[in-house]
Amino acid sequence: MSIVGPDPTPLLRYPRGTLLLVGLAAATITAMGMSGIRGILAPVLLTLVLSICAHPVRVRLERRGVPHGLATGSVILVVFALLSGFFYVVIVAISQFVSMLPDYAAEIHDLGVSLGEFLNTIGIGDAQIQAMTEGFTPSRFVPYLTGFLGSFFGIVGFLVIVLTMLILMSSDASYAHTILGQLSQRRPGLVDALKVFAANVRRYMVVTTVLGLAQGFLNSIALWILQVPAALLWGLLAFLCSFIPNIGYFFAITPPVVFGYLVGGWPTVIAVIIVYGVINGGVQSIIQPKAVGSAVSLNQTITFFSVLFWAVVIGPIGAILAIPLTLLARTFLVDSDPDASWVRPAFGPTTETRRLLKAADVADRNARKSKPPPSPGSTPAAAPEPRRTV
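Counting from 1, residues in each chain are numbered in the order their sequence is written. For a predicted model such as this one, the threshold for reporting local features is a pLDDT of at least 70, and the threshold for listing and counting side-chain atom pairs is 80 or more; totals across whole chains, interfaces and linings nevertheless cover every residue. Hydrogens and waters are ignored; side-chain quantities use all the structure's heavy atoms.

As annotated in an unreviewed UniProt entry, the protein carries the name AI-2E family transporter and is attributed to Cryobacterium breve. Quoted verbatim from the Subcellular location (unreviewed entry) field of UniProt, the annotation for the protein is "Membrane". UniProt positions are given in the numbering used here, feature names are shortened, and annotations may be inferred rather than shown by experiment.

(A) Quick look at the overall build of the protein. Only runs of H or I of at least four residues qualify as helices and only runs of E of at least two qualify as strands under DSSP, and these elements are numbered from the N terminus. Within the protein, the regular secondary structure consists of 15 helices and zero strands. For the exposure calls, accessible area comes from a 1.4 Å probe over protein chains only, and a residue counts as buried if that area is under 20% of its type's maximum, exposed if over 50%, partly exposed in between. In the protein, buried positions account for 33% of the 390 residues. Any two residues whose heavy atoms approach within 4.5 Å are treated as being in contact. In the protein, the share of contacts with a sequence separation of at least 24, taken over all contacts with a separation of at least 6, comes to 73%. Accessible surface area values rest on a Shrake-Rupley calculation with a 1.4 Å probe, where residue burial reflects the displayed protein chains alone. Accessible area for the protein stands at about 24,700 Å²; split by element, carbon and sulfur atoms hold 69% of it.

(B) Up close: a nonpolar patch on the surface. Residues Phe 217, Leu 218, Ile 221, Trp 224 and Ile 225 make up a contiguous nonpolar surface patch of about 580 Å² in total accessible area. Tracing the chain through its elements places Phe 217 in helix H9 (residues 188-225). Here Phe 217 falls in the exposed class, since its relative accessible area comes to 55%. Without a salt bridge and with relative accessible area above 30%, a residue can belong to a patch; like charges are then joined within 9 Å and nonpolar side chains (Val, Leu, Ile, Met, Phe, Trp, Tyr) within 5 Å. Put simply, a salt bridge is a Lys or Arg side-chain nitrogen that is within 4 Å of an Asp or Glu carboxyl oxygen.

(C) Here's a closer look at the layout of surface pockets. Approximately 990 Å³ is the volume attributed to the second largest pocket. Here a cavity denotes a set of grid points, spaced 1 Å apart and computed over the protein atoms alone, in which a 1.4 Å probe fits but from which it cannot get out, and a pocket denotes an open set meeting protein on both sides within 12 Å along at least five of seven lines; residues with an atom within 4 Å of a point are reported as lining. Every residue lining the second largest pocket is counted, 30 residues in all, and those nearest its centre are Ile 52, His 55, Ala 173, Ala 176 and Leu 180. For the lining of the second largest pocket, the secondary-structure elements that each account for two or more residues are helix H2 (38-63), helix H7 (152-172), helix H8 (176-184), H9 and helix H14 (322-335). Under the grouping applied here, Gly and all other residues not named as nonpolar or charged are polar, the nonpolar ones being Ala, Val, Leu, Ile, Met, Phe, Trp, Tyr, Cys and Pro and the charged ones Asp, Glu, Lys and Arg. Residue composition of the lining of the second largest pocket, grouped by class: 18 nonpolar, seven polar and five charged. Grid points are joined across faces, edges and corners, and a volume is the space filled by probe spheres set on the points.

(D) Quick look at the side chain of Thr 72. With respect to the helices and strands, Thr 72 occurs in helix H3 (residues 68-100). Looking at Thr 72, the relative accessible area reads 8%, which means it is buried. Once you skip the residues sitting within four places of it in the chain, Thr 72 turns out to touch Arg 58, Ser 170 and Ser 171.

(E) A look at the packing of aromatic side chains. Pairing of aromatic rings covers Phe, Tyr and Trp, the last counted by its six-membered ring, and requires centre-to-centre distances within 6.5 Å; plane angles under 30 degrees mean stacked, over 60 mean edge-to-face, and any other angle means tilted. Here the structure, examined in full by the defined rule, presents six aromatic pairs. Judged by centre distance (5.1 Å) and plane angle (80°), the rings of Phe 309 and Trp 310 are edge-to-face. The exposure class of Trp 310 is buried, given its relative accessible area of 10%. Among the aromatic residues, ring-to-ring pairing joins Phe 305, Phe 309 and Trp 310 into one connected group.

(F) The arrangement of the UniProt feature "transmembrane region" (unreviewed entry) in the protein in detail. Feature annotation in UniProt places "transmembrane region" (unreviewed entry) on residues 17-34, 40-57, 69-94, 141-168, 204-226, 232-251, 258-279 and 307-328, given in this structure's numbering. Within the segment residues 69-94, helix and strand shares are 100% and 0% respectively, and the terminal C-alpha atoms sit 38 Å apart. Regarding residues 204-226, the helix share stands at 96% and the strand share at 0%, and the terminal C-alpha atoms are separated by 32 Å.

(G) Examining H9 more closely. Each helix should span, by expectation, one fewer than its residue count multiplied by 1.5 Å. The end-to-end C-alpha separation of H9 is 56 Å, in line with the 56 Å expected for 38 residues at 1.5 Å each. Gln 227 occupies a position one or two residues after H9 and carries a positive phi of about 60°.

Structure follows, in structure tokens:
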């Protein structure tokens, strides 16, 4: 009787470059498909993040004896009321800004002329200067802002999608614990990754929201004291830009600087820059990293790229939700896959990576201290000077 052994034929393995190209092609097609449905994808992803942030509130209400339905409905109403109030304040602020623009027509025109003269001194042609300075008129700003106000039905449709998905997600969240328990029997790594993702996103969004509100409030008061027009609008802009890492600060400070120059000249511009540097820079560079901690373990390069990527894919909402969406992608592609865990240190300074770096620095420092200094007798003797022949 003959025993049939395993097939000695090796499995077909594709080259690493082929797999990389296929993966990039799949990612490109996925991104293009997501961009094609951004109109419904953006509110759905926003609702997902809001549901994750509001989930602990519903759980605490249920622990206090509140019925499931009443607890879910209370959270939905509170979240939707906050969103509606925010959109209402934005619309009111933009309406006031549009109504006051004609009062600064002369100042805006003079600013355009001054900018044109400066560009002419550095060698830029008159045609390019004229094309740029033509935009420094209120008539050019008003259509964009009124277009935003005119898209009332678009805003209502956005809020309807958010409200509907918020109701459905909040209702389904009551089964989250049971569903995760069922998944943990087959995919324990995925369940652990999802729990860590939810905790990190919740901490990041709550801390960023609280600090962003503080930034916007302080900026609005400072701009009001400096008599910069539309101080409330620029405070709201600072609040929104606090969610955009790296580049949000520059978007938030540009309009106050321009209108500060129109009403007060360079002294007001310098004051605005100092105020924003102290408030926004201090909060985002000192307070926020300590408050968030290791919840967002992404290096600076990936953070900046994620803002650009998600802004292109799903629009402005993508720039605001860049960090949570990147963490979600990493959860499914890296954190939940044990075979891909070796890639995780490349995404950011995780705890283990920082510990290894600190240990290496300490070892290098100790090695330099323990190295004995060279003794005087060990120094090489100077070479004798050659004899001079006459």
